[in-house]
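Here is how the chains run, residue by residue.
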Amino acid sequence: MRTTRSGPAAPRPAAPHPAALPPAAPRPADAHAAATPATPRTGLASRDFLLLLASTAAVFGNSSPLLSVVPLWAEHGGGGHGGAGATTALTMATTVAAQLAMGRVLRRFPARHALTAGALTMGLPAFAYALSPALPLTLALSAVRGLGFGMVTVAGSALVAELVPPAQRGRAVGWYGVAVGLPAVALLPPAVWCAAEFGFGPVFLATAALGVLAAPLSALISHDAGHDAGHNAGPNAGHTAVAEPGEDASAAPREDTTGGARPGLRALATPWLLLFVSVCALGSLMSFLPLALTAPGTAPTALLTVSLALIVGRWAAGEWSDRRGAAGRLAAPAALACALGTAAFAAVGTLPAGRALPVGIAAGLVFGLGMGALQNDTLVAMFHRAGPAHHGTVSAVWNMGYDSGFGAGALLTGVLAQALALSLPTTFLVLAATVATVLLMTTVSARGGARSRERDPDDGRPPNA
């Protein structure tokens, strides 16, 4: 899915300015500093957040192309389909294993240090792929890179929560999603083409260099984020709404800043479950659409549509939730869009070639926008509900839900298709029904909880729990 600050760090000017200094220790004003606006230390325009976006784009420029190129390399070396699949499976297994440990890691070390270490753990081993396509070496390198990926995903998400105030967190998660998604759209197709036309060596060198480049970028982040800050909660700690200057404080998201021992399980369960089952559908579609949609050009176009719509959905959901102060309110309609999009893909698999392409594009738009909005909304809602003392834990839990759901969806689809002899469109319908069922259950549970709180308003639970 430590000790962090109890709220957003107070902006500190890049150069001394009389108005920013404590009254007890005034310093002479510098004429140039007085005329130059201070660089914000937190927020969307801060140097630290922009460095995070740059390092994220670089490290995903390493991971996204290699998720497709490494299986091709394993098959090229004689590993067959089983060896090719094993590289991805082992990468995701070690990713989840690393994510399980990241909660403890982030309680001891700043998240920026974990991000730097993870980037190096992903980048340096990628140079060694070119030594040999032998399956044992390829699997070993993939396992090590998976550990780095687990570190990067958790530390990056935690830094998003810590480098911006709660009032901007939805937009921050949206822009973080853009940095995550663009490398897959921009670099994956050229990487596969380059491997086929010029060999695998240039691809491994370029992607390894991007991973290594992410390390100094993340090391330049100056904000001391990553340690739990429950003990830093000041006299005004509690459930606060924070707004930036010029923004309506009443619309700002409310966050639990009391620094309790652990976030409430029920408060995190609903967004986590919706994320998990919907990402199961994503894993199934990304793995099996090329086999299910046989009409020429339909599968590549549909997958590209999903990838682009997912980026737009994450960004738009962040903008909407920040401006409306509505973290968590998009999860249900977004999950419904995922269910409808998955069911639409099941229909595409049965259509003739002339109709499959436009319906596939429409299904990709619906599913991609819903999945992007769901990713943003669930992460932001979990951050707000858990509070700043648990950003590392929430980041680890969210990322484990995403990565395990992706793998589980692909595995479940294969088992249903092979063991029960179901067609791939039928398995898509099963997953769509699963998403819809979980959505109905969580909606009924949430309404029941709301009625209970109306009958007992003094139950002691924090807002948004």
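Higher on the page you've got the structure.
About the thresholds
Residues numbered from 1 in each chain as written. Predicted model: local features only at pLDDT ≥ 70, side-chain atom pairs only at ≥ 80, totals over all residues. Heavy atoms only, no water. Helix = DSSP H or I, 4+ residues; strand = E, 2+ residues; numbered from the N terminus. Buried < 20%, exposed > 50% of the residue type's maximum accessible area, 1.4 Å probe, protein only. Areas by Shrake-Rupley, 256 points an atom, 1.4 Å probe, with all protein chains shown as cover. Expected span 1.5 Å × (residues − 1). Arc of directions from axis to C-beta. Contact = heavy atoms within 4.5 Å. Axes fitted to C-alpha atoms, helices over the stretch in contact; angles between N-to-C directions. Parallel < 35°, antiparallel > 145°, perpendicular 65-115°, else oblique. Left-handed = near helix turned anticlockwise from the far one by under 90°. Nonpolar A, V, L, I, M, F, W, Y, C, P; charged D, E, K, R; others polar. Phe/Tyr/Trp six-rings, centres within 6.5 Å; stacked < 30°, edge-to-face > 60°. Patch = residues over 30% accessible without salt bridge, like charges linked within 9 Å, V, L, I, M, F, W, Y side chains within 5 Å. Salt bridge = Lys/Arg side-chain N within 4 Å of Asp/Glu carboxyl O.

Some remarks on the overall build of the chain
Scanning the chain for helices and strands turns up 13 helices and two strands. Put simply, the chain has 465 residues, and 48% of those count as buried. Of the roughly 19,800 Å² of accessible surface on the chain, 67% is carried by carbon and sulfur atoms.

Section: helix H7 (residues 201-219)
Over its 19 residues, H7 runs 28 Å from end to end, which matches the ideal 27 Å to within 8%, given 1.5 Å per residue. By the burial criterion, the buried members of H7 are Val203, Phe204, Thr207, Ala208, Gly211, Ala214, Ala215 and Ser218. Along the axis of H7, the buried positions cluster into a sector of 125°, meaning they face one direction only. Considering only its buried residues, H7 is in contact with helix H2 (47-76), helix H4 (111-128) and helix H6 (169-198).

What to know about the packing of H2 against helix H5 (residues 135-163)
Interaxial distance between H2 and H5 falls to 10 Å at its minimum, and their mutual angle equals 155°. In terms of axis orientation, H2 runs roughly antiparallel to H5. In this structure, H2 meets H5 at a crossing whose hand is left-handed. On H5, the residues touching Asp48, Phe49, Leu52, Val59, Phe60, Asn62, Ser63, Leu66, Val70, Trp73 and Ala74 of H2 are Leu135, Thr138, Ser142, Arg145, Phe149, Val152, Thr153, Gly156, Leu159, Val160 and Leu163. Its residues assigned to classes, the contact of H2 with H5 comprises 14 nonpolar, six polar and two charged.

Considering the packing of aromatic side chains
Between two aromatic rings, the relevant description is the distance of the centres plus the angle of the planes. Overall, the coordinates contain nine aromatic pairs when judged by the stated rule. Between the aromatic rings of Phe60 and Phe149, the centroid separation amounts to 5.6 Å while the plane-to-plane angle is 70°, which identifies the pairing as edge-to-face. Of the two residues, Phe60 sits in helix H2 while Phe149 sits in helix H5, which places them 89 residues apart along the sequence. Assigned by exposure class, Phe60 and Phe149 land together as buried. Their ring planes at 20° and their centres at 6.2 Å tell us that Phe200 and Phe204 sit as a pair that is stacked. Taken individually, Phe200 and Phe204 each receive the classification buried, so the pair is uniform in this respect. Aromatic ring contacts, followed pair by pair, group Trp73, Tyr129, Phe200 and Phe204 into a single cluster.

Regarding a nonpolar patch on the surface
Together, Val312, Leu357, Ile361, Leu365 and Leu369 make up a nonpolar patch on the protein surface, roughly 370 Å² of accessible area in all. Tracing the sequence through the fold places Val312 in helix H9 (residues 298-324). Residue Val312 is classed as partly exposed on the basis of its relative accessible area of 45%.

Some details on H4
For H4, which comprises 18 residues, the first-to-last C-alpha distance of 27 Å matches the rise-based estimate of 26 Å (1.5 Å per residue) to within 8%. When we look at burial in H4, the residues that qualify are Ala111, Arg112, Ala114, Leu115, Thr116, Gly118, Ala119, Met122, Gly123, Pro125, Ala126 and Ala128.

Some thoughts on the environment of Thr342
When you line up the elements, Thr342 lands in helix H10 (residues 331-348). Overall, the relative accessible area of 1% leaves Thr342 in the buried class. For Thr342 and Val366, which are 24 residues apart along the polypeptide, the C-alpha to C-alpha distance reads 8.9 Å. Thr342 has contacts with Ala281, Leu285, Phe367, Phe428, Leu431 and Ala432, leaving out every residue within four places of it along the chain.

What about the environment of Leu182?
The residue Leu182 is located in helix H6 in this model. Spatially, the C-alpha atoms of Leu182 and Ser64 are 9.6 Å apart, while their sequence positions differ by 118 residues.

A word on the environment of Ala344
Within the secondary structure, Ala344 sits in helix H10. Expressed as a C-alpha distance, the spacing of Ala344 and Leu429, which sit 85 residues apart in the sequence, is 8.7 Å.

Side note on the pattern of salt bridges
What the rule picks out here adds up to one salt bridge. Across the pair Arg47 and Asp48 runs a salt bridge whose closest N-O atoms are separated by 3.5 Å.

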